[in-house]
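Listed here are the chains, written in short residue letters.
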Amino acid sequence: MKLYARQQGKGEHLISVHGLFGSQENLGAINRQLAQKFRVHGLDARNHGRSPHDDAMNYSVMAADIIEYLDDQQIEKAHLLGHSMGGKVVMEVALTYSERVNNLAVMDIAPVQYKVRRHDDVFAGLFAVDLEAIRKRADADHALRQHIEEPAVRSFLLKNLYRNGEGRYRWRMNLEAIHHHYLEILAGHSGEEAFEGDVLFLKGGNSDYILAKHREEVLKRFPKATMREIAGTGHWLHAEKPELVARTLQRFLES
């Protein structure tokens with residue numbers, strides 16, 4: 001699994017991993033700011049963006065993908081940063097391959113199993129798009145609108161849409177694999193490992209992805225974890241307040 005990466009900046013290596021249905025472009029604003037101090041590697045996770053598609057999709061194989069990338073780049077240790085699903089990926093790396101990790105930063109996700117299915121409307125909208133029939137992006141947006149009201153969410157999803165060499169619309173993401181493995185994406189870490197390094201959890205002030213009831217599990221896995229809330233933001237805190245998030249991350253990673 002050779003992940004697609006965008007590298008920028010100089011300094012200590014920082015691996016950056018996006019969330020579900022996204023790509024490295026979604027973290028572009030903070031990656032650019034962090035590249036002033038670090039060598040930032042913005043990765044597309046398997047079945048996302050420009051990275052290869054594969055039938056397997058769980059946190060064990062996605063963590064191994066990161067290690068393969070580090071090995072290919074001859075990087076012994078790196079800082080890790082992840083948002084949402086990407087946060088779970090980098091947590092899995094830290095818990096399984098702790099010797100390869102410096103500091104760990106996680107944005108708006110906890111190391112727990114999420115039982116609420118938050119994306120059923122998203123899947124319904126994506127599967128409603130007839131890729132063989134649409135002639136323009138507005139056609140895809142119209143199909144999505146029947147299931148997804150929020151324009152910002154539709155715009156985010158439509159970033160996955162592209163024309164192939166034959167001029168036909170296709171999804172960059174592997175929608176079928178993501179849907180098939182959705183329960184594994186909701187899963188938490190199943191082992192008993194703990195990461196003893198420094199960890200920062202950034203929580204969107206208005207988000208319910210990290211809750212007080214998660215504290216015990218967070219500290220069990222990451223005993224040196226600290227929490228910082230970014231007021232006035234939701235789950236997409238890095239898009240809503242990119243300058244503040246980037247400054248907070250930089251201070252932590254340089255400490």
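Residues numbered from 1 in each chain as written. Predicted model: local features only at pLDDT ≥ 70, side-chain atom pairs only at ≥ 80, totals over all residues. Heavy atoms only, no water.

A.B. asks: Go over the packing of aromatic side chains with me, naming the residues and quoting the values.
C.D. replies: The description of an aromatic ring pair rests on the distance of the ring centres and on the angle between the ring planes. The tally for this structure, following the rule as stated, stands at six aromatic pairs. Centroid distance Phe21 to Phe123: 5.4 Å. Interplanar angle 70°. Geometry classified as edge-to-face. Within this pair, whereas Phe21 is found in the loop between β2 (13-17) and α1 (28-34), its partner Phe123 is found in helix α4 (residues 120-128), the two being separated by 102 residues in sequence. Of the two residues, Phe21 and Phe123, neither departs from the other in class, the shared state being buried. A centroid spacing of 5.8 Å and a plane angle of 50° characterise the contact between Tyr114 and Tyr209, whose relative ring orientation is tilted. Remark: Tyr209 occurs in the loop between β8 (199-204) and α9 (215-221) and Tyr114 occurs in the loop between β5 (101-107) and α4; sequence separation between them is 95 residues. (Phe/Tyr/Trp six-rings, centres within 6.5 Å; stacked < 30°, edge-to-face > 60°. Helix = DSSP H or I, 4+ residues; strand = E, 2+ residues; numbered from the N terminus. Buried < 20%, exposed > 50% of the residue type's maximum accessible area, 1.4 Å probe, protein only.)

A.B. asks: Tell me what's going on with α4, and back it up with residues and numbers.
C.D. replies: If you check which residues of α4 are buried, you get Val122, Phe123, Gly125 and Leu126. For α4, the angular spread of buried residues about the axis comes to 165°, placing them on one side. Contacts from the buried residues of α4 go to α5 (137-145), α6 (151-158), β7 (169-171), α7 (175-180) and α8 (182-186). (Arc of directions from axis to C-beta. Contact = heavy atoms within 4.5 Å.)

A.B. asks: So what about the packing of helix α2 (residues 59-72) against helix α3 (residues 85-96)? Which residues, and what values?
C.D. replies: Interhelical geometry of α2 versus α3 gives an angle of 75° and a closest axis separation of 8 Å. As far as their axial angle goes, α3 and α2 are roughly perpendicular. The segment α2 lies against α3, with Tyr59, Ser60, Met62, Ala63, Ile66 and Ile67 engaging Met85, Lys88, Val89, Glu92 and Val93. Taken together, the residues of the contact of α2 with α3 break down into eight nonpolar, one polar and two charged. (Axes fitted to C-alpha atoms, helices over the stretch in contact; angles between N-to-C directions. Parallel < 35°, antiparallel > 145°, perpendicular 65-115°, else oblique. Nonpolar A, V, L, I, M, F, W, Y, C, P; charged D, E, K, R; others polar.)

Honestly, it's all geometry; don't read function into it.
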